[in-house]
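Summary of structural features
The residues making up each chain are set out below.
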Amino acid sequence: MKKKKNMKIMLDTNILVFAGVFNSEYIRKFIKAAVDKNHSIVLCSYVINELYSVINRKFPSKIESLNKFFSELEYDYIETPDILPEHGMFTIRDKKDEKVLYSAILADVDILITGDKDFSDIKIKRPEIYTPAEFLEKYADSI
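Residues numbered from 1 in each chain as written. Predicted model: local features only at pLDDT ≥ 70, side-chain atom pairs only at ≥ 80, totals over all residues. Heavy atoms only, no water.

**Describing the overall build of the chain**
A count of helices and strands for the chain gives 6 helices and 5 strands. Beginning at the N terminus, the succession of helices and strands in the chain can be written as β-α-α-β-α-α-β-α-β-β-α. The C-alpha atoms of the chain give 15 Å as radius of gyration, which agrees with the globular expectation for 143 residues (15 Å, within 12%). The dimensions of the chain, computed from C-alpha atoms along their principal axes, are 40 × 40 × 30 Å. For the chain, the residues scored as buried account for 46% of the 143 residues in total. Across the chain, the fraction of contacts at a sequence separation of at least 24, relative to all contacts at a separation of at least 6, is 64%. Total accessible area computed for the chain in this model is approximately 8300 Å², and 53% of it derives from carbon and sulfur atoms. (Helix = DSSP H or I, 4+ residues; strand = E, 2+ residues; numbered from the N terminus. Rg over C-alpha atoms; globule rule 2.2 N^0.38 Å. Buried < 20%, exposed > 50% of the residue type's maximum accessible area, 1.4 Å probe, protein only. Contact = heavy atoms within 4.5 Å. Areas by Shrake-Rupley, 256 points an atom, 1.4 Å probe, with all protein chains shown as cover.)

What follows is the structure in structure tokens.
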């Protein structure tokens with residue numbers, strides 16, 4: 001019998017850059033701890049595609065490191081709609097970030113982890129939006 005997952009945690013592109021490309025030990029430990037505590041990591045197609053686009057453009061020598069990271073990461077996947085419907089749930093300055101948050105809502109995640117400042121003034125009940133440090137401060141005992 002499969003264990004029940006505690007929380008669904010979506011990771012934004014900037015978090016994955018540090019974990020998958022620059023091998024940030026802090027972020028990798030955070031992700032491993034979350035998975036070990038039976039939380040689900042959720043990634044959306046938009047974030048994965050954006051990540052590969054950024055790495056191909058800025059750090060092409062890191063693609064193999066990114067591929068290795070993804071081959072070792074256990075995560076749930078959600079397809080981001082190509083065109084978002086008019087939803088009225090939130091407004092965000094950067095329209096690219098709208099796809100990330102909309103995907104998080106669509107996937108019914110509990111928490112979105114991002115380092116992007118454009119998310120800091122979003123006021124919605126779910127998902128909760130945190131930087132990795134804020135998340136650890138609030139949920140350290142659960143991971």
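**Quick word on the side chain of Thr80**
Within the secondary structure, Thr80 sits in the loop between β3 (76-78) and α5 (95-106). Overall, Thr80 belongs to the buried group, its relative accessible area being 5%. Separated by 2.7 Å, the side chains of Thr80 and Ser103 make a polar contact. Once residues lying within four places of it in the same chain are set aside, the contact partners of Thr80 are Cys44, Ser45, Tyr46, Lys99 and Ser103. (Polar contact = N/O pair within 3.5 Å; in protein donor to acceptor, adjacent residues only side chain to side chain.)

**Regarding the sheet that holds β3**
Strand pairing in a sheet relies on backbone hydrogen bonds. The paired strands run either parallel or antiparallel. The 5 strands are arranged β3-β2-β1-β4-β5 in an open sheet whose pairing can be described as parallel. Lying at the two open borders of the sheet, with one neighbouring strand each, are β3 and β5 (128-130). Along the sheet, successive strands turn relative to each other by an average axial angle of 30°, direction set aside. In this sheet, β5 lies alongside strand β4 (residues 111-113) in parallel orientation, the contact comprising 3 bridges. When the bridges of β5 are listed, Leu112 appears paired with Ile129. On the sheet, helix α3 (residues 45-58) packs against β1 (8-11), β2 (40-44) and β3 and is oriented at approximately 70° with respect to β2. (Pairing = 2+ DSSP bridges. Axes fitted to C-alpha atoms, helices over the stretch in contact; angles between N-to-C directions.)

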